[in-house]
Protein chains: 2
Amino acid sequence: MTKQFGRLIGVSLGPGHPDDITRRAAAALATGARWTYPVKKEDEASYALDIVRRGGFSIPPDAEPLVFPMTTHKDVLVRAWARAAARTLELLANGRDVLFLAEGDASTYATFGHLARTVRELVPMVEVEVLPGVSSYCAAAAAVGTPLADADDTLAVIPASYGVEVIDHLLDEFDSLVLLKIKPMLDKVLDLLARRGLTHEAVFVEKVGTPDERVVSDVTVLRGETVSYLSLMLIHNPGRQRPPMRRGCRKKDTETEQ
Amino acid sequence: MTKQFGRLIGVSLGPGHPDDITRRAAAALATGARWTYPVKKEDEASYALDIVRRGGFSIPPDAEPLVFPMTTHKDVLVRAWARAAARTLELLANGRDVLFLAEGDASTYATFGHLARTVRELVPMVEVEVLPGVSSYCAAAAAVGTPLADADDTLAVIPASYGVEVIDHLLDEFDSLVLLKIKPMLDKVLDLLARRGLTHEAVFVEKVGTPDERVVSDVTVLRGETVSYLSLMLIHNPGRQRPPMRRGCRKKDTETEQ
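Residues numbered from 1 in each chain as written. Chains lettered and ligands numbered in written order. Predicted model: local features only at pLDDT ≥ 70, side-chain atom pairs only at ≥ 80, totals over all residues.

Colleague: Explain the sheet that holds strand S3 (residues 64-67) of chain B to me, and be specific about the residues and the numbers.
Modeller: All names here are of chain B. On the basis of which strands lie adjacent, the open sheet formed by five strands has the order S3-S2-S4-S1-S5 and parallel pairing. What marks the edges here is a single partner per strand, and that holds for S3 and strand S5 (128-131). Adjacent strand axes in the sheet meet at a mean angle of 25° when their direction is disregarded. Contacts from helix H4 (residues 112-122) reach strand S1 (8-12), strand S4 (98-102) and S5, with the element oriented near 175° to S1. (Pairing = 2+ DSSP bridges. Helix = DSSP H or I, 4+ residues; strand = E, 2+ residues; numbered from the N terminus. Axes fitted to C-alpha atoms, helices over the stretch in contact; angles between N-to-C directions. Contact = placed C-beta atoms within 7 Å.)

Given below as structure tokens:
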């Protein structure tokens, strides 16, 4: 007899504001599927759950936290993924679909990827579905009111922790740069921006979409400040020297992004 | 007497499936604001309008197309932006909010940026709002079921028309590469992938979210094919040599993408 597993569904909630939840994700929350959500420690508040709570969704009493610790230790992480995957499989084995609530977009720097991969390593037949969402940097660009990328622009998204040498180098090649997790690198990035004359091309966005959202257009005021780790920087690089584009390709400029 | 303009609101609809519309965008469509939407030519069907039509939204009889031609001629484009902005200002002058329907995310390679900029060049006091949305490449990653970027990954998004030399070079620096508007470059990119041993790390996605969506995991079958211009390629680069990360930064690995 084949066991009938439920589907594992990664539900993207957007980066913070419940109105950024898609119609598809909102519908999934109302299907009666079992909810799971990430926490960093047992009994700690969940950022993802807070988004749906603020959105007026009623949280099922059996919604279950899964612990994903905040650590660099690969073995600790791997054990956490294994534990979370094992518990998810127990829930899936009832035949009921299991939702995993994900902040931002569940494909973009998200815990869901690890959970889904680990679940499928254990039981390859489990069906996984991802409901896409608004990424933090798209929401940040909207909050700032500036395009993230346009026409022939190149766009790079990197964790700021690669350091200023890498960031400096990428600014030669990209018209638009998103620095995630800017917190520990903030002052060094401010130095780099000043050196390259890009101070006024950068905007800092903290906790986008939440009641504590902060958009800082004059980034120089941030020097020395300890910002939230939920913060990013958008940098435009309007003076970049571009390589030539291929003939017959540029005529698609005014089209949709695909 | 100061004229009271309505707000200009860029409404991101996601790349094709009406269920990718956010709750905020859906609410905006129902406010009674005047709708505008992009077309490439007069009397041509609108991709954006088709998304909301398929979503069951009733289209106001006074919804108005704005023409954004498909051309590389900067002067033709600038004239089109000026005409669209002038018409938008006429509508805004009634004091009623004006929505501009945008495929994908209105900040990401979108016509809305040009419209908003041109409107504000003409009348700086006009208030502009952007409702963020699901980008085509986030929806594509979800459709494929593969993470777009993870933990310390670097992510680049570029129009494929920069050519294979640029793409080849970026693969040295990026773990994940999104090639937009892949159509005219497809065969050359397939050659490059073969040369770099990345053929099986690439996925092609066409018309994501629409009834004609196509996900092709064996990209070699596409050789010689004339694909839709609404197509992109996601490339993972698992063997990349990474520079060292800064100490004290990596501990944020398991957190949300901001």
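Colleague: So, the nonpolar core: which residues are in play, and what are the values?
Modeller: Val11(A), Leu101(A), Leu179(A), Val189(A), Val11(B), Leu179(B) and Val189(B) are the most contacted members of the largest nonpolar core, which totals 163 residues. Setting aside anything within four residues of it in sequence, one finds Leu179(B) in contact with Ile158(B), Ala160(B), Ile167(B), Val189(B), Leu232(B), Met233(B) and Ile235(B). (Core = buried A, V, L, I, M, F, W, Y, C linked by C-beta atoms within 7 Å. Buried ≥ 20, exposed ≤ 12 C-beta atoms within 10 Å, placed from the backbone.)

Colleague: Give a detailed account of the interface of chain A and chain B, specifying residues and quantitative values.
Modeller: The partner chain B presents 76 residues to the 75 residues of chain A that form the contact. Of all the secondary-structure elements, those providing two or more residues to the side of chain A that touches chain B are helix H1 (23-29), strand S5 (128-131), helix H5 (136-144), strand S6 (155-159) and strand S10 (231-236) of chain A. The residue makeup of the side of chain A that touches chain B, split by class, is 39 nonpolar, 20 polar and 16 charged. With three bridges joining them, S6(A) and strand S6 (residues 155-159) of chain B adopt antiparallel strand pairing. Residue Leu155(A) lies in a different strand from S6(B), and its bridge partner there is Val157(B). (Nonpolar A, V, L, I, M, F, W, Y, C, P; charged D, E, K, R; others polar.)

Colleague: Please give an account of the sheet that holds strand S3 (residues 64-67) of chain A that cites residues and values.
Modeller: All names here are of chain A. Strand order in the open sheet formed by five strands is S3-S2-S4-S1-S5, and the pairing between neighbours is parallel. Unpaired on one side and paired on the other, S3 and S5 mark the two borders of the sheet. Neighbour-to-neighbour, the strand axes of this sheet turn through a mean angle of 25°, independent of strand direction. Sheet contacts for helix H3 (residues 74-92): strand S1 (8-12), strand S2 (34-39), S3 and strand S4 (98-102); angle to S3, the most-contacted strand, approximately 155°. Taken strand by strand, helix H4 (residues 112-122) contacts S1, S4 and S5, and its axis lies near 175° from that of S1.

Colleague: Summarise the domain arrangement of chain A; cite the residues concerned and give the values.
Modeller: Residues and elements named next belong to chain A. Taken domain by domain, chain A holds domain 1 (8-131) and domain 2 (136-236). Averaged C-alpha coordinates put domain 1 and domain 2 at centres separated by 28 Å. Opposite the seven residues of domain 1 that make contact, domain 2 presents seven residues. Tallied by class, the residues present in the side of domain 1 that touches domain 2 amount to two nonpolar, four polar and one charged. (Domains from an automatic or database assignment.)

Colleague: A description of H3(A) should follow, citing residues and the corresponding values.
Modeller: All names here are of chain A. When the terminal C-alpha atoms of H3 are compared, their 26 Å separation across 19 residues agrees well with the 27 Å that a helix rising 1.5 Å per residue should span. Listed in full, the buried residues belonging to H3 are Ala80, Trp81, Ala84, Ala85, Thr88, Leu91 and Leu92. Down the axis of H3, the smallest arc covering the buried residues is 130°, so these residues share one side. Exposed side of H3, more than 90 degrees from the buried face: Asp75, Val78, Arg79, Ala86 and Glu90 are the residues found there. Turning to H3, the residues buried within the fold contact S1, S2, S3, S4 and H4. (Expected span 1.5 Å × (residues − 1). Arc of directions from axis to C-beta.)

Colleague: A description of the relation of the copies chain A and chain B should follow, citing residues and the corresponding values.
Modeller: In the superposition of chain A on chain B (RMSD 0.0 Å, axial shift 0.0 Å), the rotation amounts to 180°. In symmetry terms, the pair is related by a two-fold rotation axis. When you check the interface residues of chain A against chain B, 100% turn up at the interface there too, and the contact is symmetric in its surfaces. (Least-squares fit on C-alpha atoms with pLDDT ≥ 70 in both.)

Colleague: So, the packing of helix H6 (residues 164-171) of chain A against helix H7 (residues 186-196) of chain A: which residues are in play, and what are the values?
Modeller: All names here are of chain A. The geometry of H6 relative to H7 is characterised by a closest axis approach of 10 Å and an angle of 35° between their N-to-C directions. With respect to the hand of their crossing, H6 and H7 are arranged in right-handed fashion. Residues Val164, Ile167, Asp168 and Leu171 of H6 lie in contact with H7, whose contacting residues are Lys188, Val189, Leu192 and Arg196. A breakdown of the residues in the contact of H6 with H7 according to their chemical character gives five nonpolar, no polar and three charged. (Left-handed = near helix turned anticlockwise from the far one by under 90°.)

Colleague: Hey, could you go over the pairing of strand S8 (residues 202-206) of chain B for me, with residue numbers and the actual values?
Modeller: Residues and elements named next belong to chain B. Of all the five residues making up S8, five are buried; the element is thus mostly covered by neighbouring parts of the structure. In S8, alternate side chains face the same way, and those of Ala202, Phe204 and Glu206 on one face and Val203 and Val205 on the other are all buried. Of the strand pairs in this sheet, S8 and strand S10 (residues 231-236) are connected by five bridges, and their pairing is antiparallel. Bridged to Val205 within S10 is Leu232.

Colleague: Describe the confidence of the model for chain A, with residues and values.
Modeller: Regions with low pLDDT should not have their predicted coordinates read in detail. Residues and elements named next belong to chain A. When pLDDT is averaged along chain A, the result is 93; 93% of the residues meet or exceed 70. A low-confidence stretch, residues 247-258 stays under pLDDT 50, and its non-local contacts, those more than four residues away or across chains, total 42 contacts. As scored by the predictor, the complex reaches a pTM of 0.93 and an ipTM of 0.93. (pLDDT = per-residue confidence, 0-100.)

Colleague: Explain the environment of Gly56(A) to me, and be specific about the residues and the numbers.
Modeller: Examined against the element boundaries, Gly56(A) turns out to sit in the loop between helix H2 (47-54) and S3. Each C-alpha atom, one on Gly56(A) and one on Lys188(A), is 41 Å from the other, the two residues being 132 residues apart in sequence.

Colleague: How would you summarise the environment of Ser161(A) if you had to cite specific residues and measurements?
Modeller: Residue and element names in this part refer to chain A. Note that Ser161 resides in the loop between S6 and H6. Ser161 sits in the buried class, given 24 other C-beta atoms within 10 Å. Taking C-alpha positions, Ser161 is 7.4 Å from Ile182, a pair spaced 21 residues apart along the chain.

Colleague: Account for the pairing of S4(B), with residues named and values stated.
Modeller: Residue and element names in this part refer to chain B. Burial within S4 is extensive, with five of its five residues counted as buried. Neither face of S4 is open: one carries Val98, Phe100 and Ala102, the other Leu99 and Leu101, and all of them are buried. When S1 meets S4, the two strands line up parallel, connected through five bridges. Within the sheet, the bridge partner assigned to Ser12 lies in S4 and is Ala102. Note: strand S2 (residues 34-39) against S4, three bridges, orientation parallel. What sits directly across from Arg34, in S4, is Val98.

Colleague: Explain unusual backbone geometry to me, and be specific about the residues and the numbers.
Modeller: Of note in this structure, Ala151(A) is not a glycine but carries a positive phi near 45°. The residue Ala151(A) is located in the loop between H5 and S6 in this model. Taking the number of C-beta atoms within 10 Å as the measure of exposure, Ala151(A) has 19 and is therefore partly exposed. For Tyr109(B), which is not glycine, the phi dihedral falls at a positive 50°. Take Tyr109(B): it is sitting in the loop between S4 and H4. Looking at Tyr109(B), the number of C-beta atoms within 10 Å reads 28, which means it is buried.

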